[in-house]
Amino acid sequence: MSGIGPAGPAASVANGARVWNYWIGGRDNYTADQRVGEQVAGMLPVIREVARADRAFLGRAVRLLADGHGVRQFLDIGTGLPTVENTHEIAQGVAPESRIVYVDNDPMVLMYARTLLTSSPEGVTEYVDADVHDPDTIVRRAAGTLDLTRPVAVMMLGILNFVLDTDTAREVVRRIMAAVPSGSFLVLTHPTVDAEVGGQGNIEAVRFWNDHATPPVTARTRAEIAGFLDGLELLEPGLVPCSQWRAGTDSPAPVPQFGAVAVKP
């Protein structure tokens, strides 16, 4: 059952933000999203664990940066549909004066963001309608809310997989990180095809997704994902399955989605 009201023409094609919402147990999805979500889950049974692990990684990373590193500005690119424990809720829970800019170019995401992602009185939450392929527009609009002379945590969770050309994806990261000062952070997750963490299942799943849903995606090798972090200094434990990044004593199983946090020197 969907929580997003009557289905329009766009509901006949599965949408990335809505399918992800379905995988994490949300209600903001349609039958087409559920159908594709189940098909992908049949090819990659761990996909729901991937979605939950990615969300938990976000929480751990934001808390670390806000509480342990004093970060008060967050640029969250590829927001997705709002759910519990969004970036601003975590950051402003640590420091109410935190300023957060969310970026997405999905009309449904932006509609929900403006309704549900409200700031603390002391801080600011803003929403930018821009495409990840246009980093200059993202930076220019974010600068209306964020002070780009002070450190910014750039959040790119599960978004570079929508930039199909790897060189283009590297350039997107390079241009955004060039616009923020030393002491800024890049927080990254990305699906992988590496077999040692179960990524071989992503190959068929990505092919099916690109035939039946929008927008198209890709998965990459660990080496390709590591290339997005060139010039940055990785925080421990480095580039690892996002389920295992600073997961404490739980010793969770690896998932085929790498995660990392790195600082700009």
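Our structure is the block above this text.
A quick note: this is a predicted structure, and the numbers were derived from the prediction, not measured.

Rules of the game
Residues numbered from 1 in each chain as written. Predicted model: local features only at pLDDT ≥ 70, side-chain atom pairs only at ≥ 80, totals over all residues. Heavy atoms only, no water. Helix = DSSP H or I, 4+ residues; strand = E, 2+ residues; numbered from the N terminus. Expected span 1.5 Å × (residues − 1). Contact = heavy atoms within 4.5 Å. Buried < 20%, exposed > 50% of the residue type's maximum accessible area, 1.4 Å probe, protein only. 1 Å grid on protein atoms, 1.4 Å probe; cavity = no way out; pocket = protein on both sides within 12 Å on 5 of 7 lines; lining within 4 Å. Points joined across faces, edges and corners; volume = space filled by probe spheres on them. Pairing = 2+ DSSP bridges. Core = buried A, V, L, I, M, F, W, Y, C linked by side-chain atoms within 4.5 Å. Salt bridge = Lys/Arg side-chain N within 4 Å of Asp/Glu carboxyl O.

(A) View of helix α7 (residues 166-178). Here α7 contains 13 residues, and its C-alpha end-to-end distance of 18 Å stays within 8% of the 18 Å for a straight helix at 1.5 Å per residue. Where the residues of α7 are buried, they touch β2 (73-77), α6 (135-142), β5 (153-157), β6 (185-191) and α9 (222-226).

(B) A look at helix α2 (residues 31-43). Relative to the 18 Å expected for 13 residues at 1.5 Å per residue, α2 spans 19 Å between its end C-alpha atoms, a close match to the ideal helical length. All of the buried residues along α2 are Ala32, Asp33, Gln34, Val36, Gly37, Val40 and Ala41.

(C) Here's a closer look at the layout of surface pockets. Here the second largest pocket is characterised by a volume of approximately 150 Å³. Considering the residues around the second largest pocket, the lining is formed by Arg170, Val173, Arg174, Met177, Ala178, Gly227, Phe228, Asp230, Gly231, Leu232 and Lys264.

(D) Fine view of the pairing of β2. For β2, a buried count of five out of five residues is recorded, marking the element as mostly surrounded by other parts of the structure. Sheet analysis places β2 next to strand β3 (residues 99-104), joined by five bridges and oriented parallel. When the bridges of β3 are listed, Phe74 appears paired with Ile100. Where β2 and β5 come together, three bridges link them in parallel fashion. Its bridge partner lying in β5, Asp76 is registered against Met155.

(E) Quick look at the nonpolar core. Grouped together as the largest cluster of nonpolar side chains are 45 residues, with contacts concentrated most on Leu65, Phe74, Met155, Phe185, Val187, Trp209 and Val261. Here the element with the most residues in this core is helix α3 (residues 47-68); it accounts for 11 residues. Not counting residues within four places of it along the chain, the set of residues in contact with Trp209 comprises Asn15, Gly16, Val19, Trp23, Val36, Val40, Thr214, Pro215, Pro216 and Val217. Counting residues in hydrophobic clusters, the runner-up holds 34 residues, among them Val128, Ile159, Ala169 and Val172.

(F) Main features of the pattern of salt bridges. Evaluation of the coordinates by the stated rule reveals eight salt bridges. The salt bridge involving Asp167 is made with Arg170; its shortest N-O contact spans 2.9 Å. Here Arg170 and Asp167 lie together in helix α7, a separation of three residues that amounts to about one turn. A relative accessible area of 54% places Asp167 in the exposed class.

(G) Layout of the environment of Ala61. With respect to the element layout, Ala61 can be found in helix α3. Not counting residues up to four positions away in its chain, the partners in contact with Ala61 are Val187, Trp245 and Val261.

(H) Representation of the pairing of strand β10 (residues 257-263) within the structure. Within β10, seven of the seven residues are buried, which leaves it mostly tucked inside the rest of the structure. The two faces of β10 match: Gln257, Gly259, Val261 and Val263 on one face and Phe258, Ala260 and Ala262 on the other face are all buried. As paired elements, β6 and β10 share seven bridges and run antiparallel to each other. Each residue of the ladder has a partner; that of Leu186, found in β10, is Ala262. Note: strand β8 (residues 233-234) against β10, two bridges, orientation antiparallel. Looking at the pairing, Glu233 lines up with Val263 of β10. Bridge analysis of strand β9 (residues 240-241) against β10 gives two bridges, and the strand direction is antiparallel. Looking across to β10, one finds that Val240 is bridged to Gly259.

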